[in-house]
Amino acid sequence: MSAEDLEKYETEMELTLYREYRDVVGIFKYVVETDRRFYLCNQVDVKARTEAGDVFFEVSMSDAWVWDMYRPARFAKNVKVLTFKDVNVEELSPTEIDPPKS
């Protein structure tokens, strides 16, 4: 596989992922961003934890969808993320979750 073929494949995968996102965003209530992933979910709980003087975040989500083009299944019943980086949680309002029309 050439570099050009790989780039074309990744571009097609990203487009497929965006289309899937556009189709499912309306069924979720929250957007959660971590340093490594982007999630849609219907329940989220973020807890700050301290261990040996270090602070980290424990993020628990249920009924989630994961933005990751390399995952064969992007829907997950429960997700738990541990991170030392920032976590952003936003509640979507009904007007925000209307995807753009093609």
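Refer to the structure printed above.
What counts as what
Residues numbered from 1 in each chain as written. Predicted model: local features only at pLDDT ≥ 70, side-chain atom pairs only at ≥ 80, totals over all residues. Heavy atoms only, no water. Helix = DSSP H or I, 4+ residues; strand = E, 2+ residues; numbered from the N terminus. Contact = heavy atoms within 4.5 Å. Phe/Tyr/Trp six-rings, centres within 6.5 Å; stacked < 30°, edge-to-face > 60°. Buried < 20%, exposed > 50% of the residue type's maximum accessible area, 1.4 Å probe, protein only. Pairing = 2+ DSSP bridges. Axes fitted to C-alpha atoms, helices over the stretch in contact; angles between N-to-C directions. Core = buried A, V, L, I, M, F, W, Y, C linked by side-chain atoms within 4.5 Å.

Caption draft 1: Quick peek at the side chain of T34. As for its placement among the helices and strands, T34 is situated in the loop between β1 (30–33) and β2 (38–51). With sequence-adjacent residues up to four places away left out, T34 is seen in contact with Y39, V81 and D86.

Caption draft 2: Spotlight on the packing of aromatic side chains. Evaluation of the coordinates by the stated rule reveals 8 aromatic pairs. A centroid spacing of 5.7 Å and a plane angle of 70° characterise the contact between Y21 and W67, whose relative ring orientation is edge-to-face. One end of the pair, Y21, is in helix α1 (residues 3–24); the other, W67, is in strand β3 (residues 54–67), and 46 residues separate them in sequence. Exposure remark for W67: the relative accessible area of 33% places this residue in the partly exposed category. Taken together through their ring pairs, the aromatic side chains of Y18, Y21, F38, W65 and W67 make up a single cluster.

Caption draft 3: Region of the structure containing the environment of G26. Residue placement: G26 occurs in the loop between α1 and β1. Note: C-alpha distance between G26 and S93 (67 residues apart in sequence) is 10.0 Å.

Caption draft 4: Layout of the sheet that holds strand β5 (residues 88–91). Sheet architecture is open: 5 strands sit in the order β4-β3-β2-β1-β5, paired in antiparallel fashion. The open sheet has two edge strands, β4 (75–83) and β5, and neither has a second partner. Neighbour-to-neighbour, the strand axes of this sheet turn through a mean angle of 20°, independent of strand direction. Its contacts with the sheet place α1 against β2, β3 and β4, and it is angled at close to 80° to β3.

Caption draft 5: Examining the nonpolar core more closely. In terms of nonpolar packing, the biggest core is built from 11 residues, these being Y30, V32, Y39, C41, V59, M61, A64, V66, A76, V79 and V81. Contributions of two or more residues to this core are made by β1, β2, β3 and β4. With 4 residues, the top contributor of residues to this core is β3. Not counting residues up to four positions away in its chain, the partners in contact with V79 are Y39, V59, S60, M61 and A64. If you look at the next biggest cluster of nonpolar residues, it comprises 10 residues, including V24, V31, F38 and L40.

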